Amino acid sequence: QVQLVESGGGLVQAGGSLRLSCAVSGSTRSINAIGSYRWYRQAPGKQRDLVAGISRGGVTNYVDSVKGRFTISRDNAKNTVYLRMNSLKPEDAAVYYCYAHRSWDYEYDYWGQGTQVTVSS
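Below is a summary of the structure that appears in this document. Keep in mind that this is a model prediction, so the values were computed, not measured.

Here's the deal with the overall build of the chain
Working step 1: Helices and strands together make up the secondary structure of the chain, namely one helix and 11 strands.
Working step 2: Listed N to C, the secondary structure of the chain is β-β-β-α-β-β-β-β-β-β-β-β in terms of helices and strands.
Working step 3: Taken over C-alpha atoms, the radius of gyration comes to 14 Å for the chain, in line with the 14 Å a tight globule of 121 residues would show.
Working step 4: If one aligns the C-alpha atoms of the chain with their principal axes, the spans along those axes are about 45 × 25 × 25 Å.
Working step 5: Per-residue burial for the chain yields a buried fraction of 40% across its 121 residues.
Working step 6: Taking the intrachain contacts of the chain between residues at least 6 apart in sequence as the baseline, contacts between residues at least 24 apart amount to 54%.
Working step 7: Accessible surface for the chain amounts to roughly 6400 Å². Of this, 48% is attributable to carbon and sulfur atoms.

Quick notes on the pattern of salt bridges
Working step 1: In the structure shown here, the tally under the stated rule is five salt bridges.
Working step 2: The salt bridge involving Asp 105 is made with Arg 29; its shortest N-O contact spans 3.7 Å. In this pair, Asp 105 sits in the loop between strand 9 (94–102) and strand 10 (108–111) while Arg 29 sits in helix 1 (residues 28–32), placing the two residues 76 residues apart along the sequence.
Working step 3: Arg 29 gets classed as exposed once you look at its relative accessible area, which sits at 62%.
Working step 4: Here Arg 41 and Asp 92 are joined by a salt bridge, their closest N and O atoms 2.9 Å apart. With Arg 41 in strand 4 (residues 34–42) and Asp 92 in the loop between strand 8 (80–85) and strand 9, this residue pair connects regions lying 51 residues apart in the sequence. Taken as a pair, Arg 41 and Asp 92 share a single burial class, namely buried.

Some remarks on the state of the cysteines
Working step 1: In this structure the tally under the stated criterion is one disulfide.
Working step 2: Between the sulfur atoms of Cys 22 and its disulfide partner Cys 98 the distance amounts to 2.1 Å. Taking the torsion about the S-S bond as the criterion, the Cys 22 to Cys 98 disulfide, at about -80°, is left-handed. Of the two residues, Cys 22 sits in strand 3 (residues 18–26) while Cys 98 sits in strand 9, which places them 76 residues apart along the sequence. By the burial criterion, Cys 22 is buried, and Cys 98 matches it.

Description of the side chain of Arg 102
Working step 1: Mapped onto the elements of the fold, Arg 102 is located in strand 9.
Working step 2: Polar contacts involving the side chain of Arg 102 include one to the side chain of Tyr 106, which spans 3.3 Å.
Working step 3: There is a polar contact of 3.0 Å between the side chain of Arg 102 and the side chain of Tyr 110.
Working step 4: Setting aside its immediate chain neighbours within four residues, Arg 102 contacts Gln 1, Arg 29, Ser 30, Ala 33, Ile 34, Gly 35, Glu 107, Tyr 108 and Tyr 110.

Parameters at a glance
- Residues numbered from 1 in each chain as written.
- Predicted model: local features only at pLDDT ≥ 70, side-chain atom pairs only at ≥ 80, totals over all residues.
- Heavy atoms only, no water.
- Helix = DSSP H or I, 4+ residues; strand = E, 2+ residues; numbered from the N terminus.
- Rg over C-alpha atoms; globule rule 2.2 N^0.38 Å.
- Buried < 20%, exposed > 50% of the residue type's maximum accessible area, 1.4 Å probe, protein only.
- Contact = heavy atoms within 4.5 Å.
- Areas by Shrake-Rupley, 256 points an atom, 1.4 Å probe, with all protein chains shown as cover.
- Salt bridge = Lys/Arg side-chain N within 4 Å of Asp/Glu carboxyl O.
- Disulfide = S-S within 2.5 Å.
- Polar contact = N/O pair within 3.5 Å; in protein donor to acceptor, adjacent residues only side chain to side chain.

Note that every value here comes from positions in space, so none of it alone points to a role or purpose.
Okay, structure coming up:
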């Protein structure tokens, strides 16, 4: 099993920055079985949407609305995935969730508990 714990959320003014962290824990085998990590977000009354992803090989992808402002990265030594968010807008406010897709040995999805990001205008 793999556990994901997000941190770094908070209140920021529009135009500001935050860095979210997702601490990954579990057995070495389980962590090595993860094929990709993603960040999702969910605003009140809306569905949970993909924000950014990073593959085992380090290939990244972003939803159009955050391209050029957000950066996803991972530190394998620290077993941590980051989401750097710059130039934040009020519409970026949401609960942000870390997600891991296990694919090396069998298919399984892991989710964190979420961290709240609030952007004041």
